[in-house]
Amino acid sequence: MSVLVYTESEQGQFKKTALEVASYAKGVAKMLGVSVTAVAFNAEDTSTLATYGVDKVLNVKNDKLEKFNAEAYADALAQAAKKEDAKVIIVSQSANAKYLAPLLAVDLEAGYASNVVALPENTSPVTVKRTAFTNKAFNITEITTDRAIIGVSKNAYGLHETEASGTNEDFIPELGSEDFTVNVESVDKATDKVTIADAEVVVSGGRGLKGPENWGMIEELADVLGAATACSKPVSDMGWRPHSEHVGQTGKPVASNLYIAIGISGAIQHLAGINASKTKVVINNDPEAPFFKAADYGVVGDAFEVVPKLIEKLKTF
Ligand code: FAD
């Protein structure tokens, strides 16, 4: 018996979330006294997984699975879960994993708990703490089915290095045409910038920046910090920034370690998407801006004065 974990990769390289869910799987496996088996799709080098507690890697090498395909990946994972007699399956909360998990739940007749933020409180039945109402509350969920799928929120558990044997085995799932009824085309934009999903630090700008011509200082601050840039909804609606940068309830969710909001008022719909960030810093010239109530640190001041000074200071480190 083992805990099964879906380790996501892109162009053969594991994503950071893959290492985080591997760490989490190890934590669950320790509670159950079993080992961890990871399923990797077309990964180049699986040795890193052992560092994060994976005892065995089932390596799927298949040209048809070069690009993510929810149906086929879910079927392959279901077959792996049955082969390994896995009662608990761990996935991340990336867009792809959120798409795949319900399909996997149907294949395995398993209960699925999403947005889980900590190791299970109990393993029989599997009982987990999850965020609810766009991160404003927690709930405790019991999964009463024979198999349980746990979707772990990004940055909630973190990376935990440990020792594991890390053996490697080729795994050839049986896939048919029924696994490829939907073909999602993705367009990869070549960019050397940090993406919002992977970023440890996010620098975000709002309508308080007055116009797109003032984004130079946001980009410079992001460069100094190795951060991704983001924006509020009206900023992308007005075309000041691309839609891919829009964060919030109707945009991308952010779960970075540090979120710096500049000239953003802190409307509830904005906060809903960034609440999961660990430390929030706000720069706003209105001391009554609602964002200050949600912030860990705040600077009441004009962004056009504060941000250049901050960049200057950070460059001296
Ligand atoms: P504003 O509310 O105009 O705030 C600008 C802020 O900049 C103010 O607080 C002001 O004090 C400050 N400021 C002005 N000048 C300066 C200066 N020189 N220096 C420093 N600070 C300055 N919004 C999102 O962001 N994401 C979403 O996903 C989202 N989804 C929504 C979904 C729905 C259904 C609805 C109805 C709304 C949604 N919104 C969303 C919009 C949201 O309600 C707010 O309107 C929006 O977040 C406000 O954006 P803002 O803070 O950039 O602008």
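None of the values given here were measured: they were computed from a predicted structure.

### Quick notes on the UniProt feature "binding site: FAD" (unreviewed entry) in the chain
The positions UniProt marks with the feature "binding site: FAD" (unreviewed entry) are Arg 207, Gly 263, Ile 264, Ser 265, Gly 266, Ala 267, Ile 268, Gln 269, His 270 and Asn 284. In this fold, Ile 264 is placed in the loop between β15 (258-262) and α7 (268-274). Of the residues examined, Gly 266 reaches a relative accessible area of 4% and is grouped as buried. Not counting residues up to four positions away in its chain, the partners in contact with Gly 266 are Leu 271, Pro 290 and Phe 291.

### Comments concerning a nonpolar patch on the surface
Residues Tyr 99, Leu 103, Val 182 and Val 184 make up a contiguous nonpolar surface patch of roughly 310 Å² in combined accessible area. Counting through the fold element by element, Val 184 comes out in the loop between β12 (167-170) and β13 (201-205).

### Quick look at the site of the ligand
If you check the shell around the ligand, you find 26 residues, and the closest are Ser 232, Thr 250, Ser 265, Gln 269 and His 270. One nitrogen or oxygen atom from the side chain of His 246 is found 3.0 Å from an oxygen atom belonging to the ligand. At a separation of 2.9 Å, a nitrogen atom of the ligand approaches a polar backbone atom of Ala 303. For the ligand, whose unbound accessible area comes to 980 Å², protein coverage reaches 75%. Going through the elements one at a time, α6 (233-237), α7 and α9 (303-315) are the ones with two or more residues in the shell around the ligand. Of the residues assigned to the shell around the ligand, the class counts are six nonpolar, 15 polar and five charged.

### Observations regarding helix α4 (residues 95-108)
For an α-helix, 3.6 residues make a turn, and residues three or four places apart therefore share a direction. The end-to-end C-alpha separation of α4 is 21 Å, in line with the 20 Å expected for 14 residues at 1.5 Å each. Taking the largest bend as the criterion, α4 deviates by roughly 25°, centred on Ala 101, and proline Pro 102 comes between one and four positions later. Turning to α4, its buried residues number three or more, namely Ala 97, Leu 100, Ala 101, Leu 104, Ala 105 and Leu 108. Structurally, α4 contributes buried residues whose contacts are with β1 (2-7), α3 (70-84), β6 (88-91), β7 (111-116) and β11 (148-152). Looking one or two residues beyond α4, the residue adopting positive phi is Glu 109, at roughly 50°.

### Here's the deal with the packing of aromatic side chains
Overall, the coordinates contain seven aromatic pairs when judged by the stated rule. Taking 5.9 Å as the distance between ring centres and 80° as the angle between the ring planes, the aromatic pair formed by Tyr 6 and Phe 41 counts as edge-to-face. Note that Tyr 6 is positioned in strand β1 and Phe 41 in strand β4 (residues 35-41), a separation of 35 residues in sequence. Exposure remark for Tyr 6: the relative accessible area of 3% places this residue in the buried category. Judged by centre distance (6.1 Å) and plane angle (65°), the rings of Trp 215 and Trp 240 are edge-to-face. Remark: Trp 240 occurs in the loop between α6 and β15 and Trp 215 occurs in the loop between β13 and α5 (216-225); sequence separation between them is 25 residues. Given a relative accessible area of 1%, Trp 215 falls into the buried group. A residue is classified by how much of its surface remains accessible, and Trp 240, at 16% relative accessible area, is buried. Site record: aromatic cluster; members linked through ring pairs are Tyr 6, Phe 41, Phe 68, Tyr 73 and Tyr 99. In this structure, Lys 64 is placed above the aromatic ring of Phe 180, and the distance from its NZ or CZ to the ring centre is 4.6 Å. The residue whose ring lies beneath Lys 129 is Phe 138, and the NZ or CZ to ring-centre distance is 4.3 Å.

Scoring rules and cut-offs
- Residues numbered from 1 in each chain as written.
- Predicted model: local features only at pLDDT ≥ 70, side-chain atom pairs only at ≥ 80, totals over all residues.
- Heavy atoms only, no water.
- UniProt positions renumbered as here; feature names shortened; annotations may be inferred.
- Helix = DSSP H or I, 4+ residues; strand = E, 2+ residues; numbered from the N terminus.
- Buried < 20%, exposed > 50% of the residue type's maximum accessible area, 1.4 Å probe, protein only.
- Contact = heavy atoms within 4.5 Å.
- Patch = residues over 30% accessible without salt bridge, like charges linked within 9 Å, V, L, I, M, F, W, Y side chains within 5 Å.
- Areas by Shrake-Rupley, 256 points an atom, 1.4 Å probe, with all protein chains shown as cover.
- Salt bridge = Lys/Arg side-chain N within 4 Å of Asp/Glu carboxyl O.
- Near = heavy atom within 4 Å.
- Polar contact = N/O pair within 3.5 Å; in protein donor to acceptor, adjacent residues only side chain to side chain.
- Nonpolar A, V, L, I, M, F, W, Y, C, P; charged D, E, K, R; others polar.
- Expected span 1.5 Å × (residues − 1).
- Bend = angle between axes of the 7 residues up to and from the residue.
- Phe/Tyr/Trp six-rings, centres within 6.5 Å; stacked < 30°, edge-to-face > 60°.
- Lys NZ or Arg CZ within 6 Å of the ring centre and 35° of its normal.

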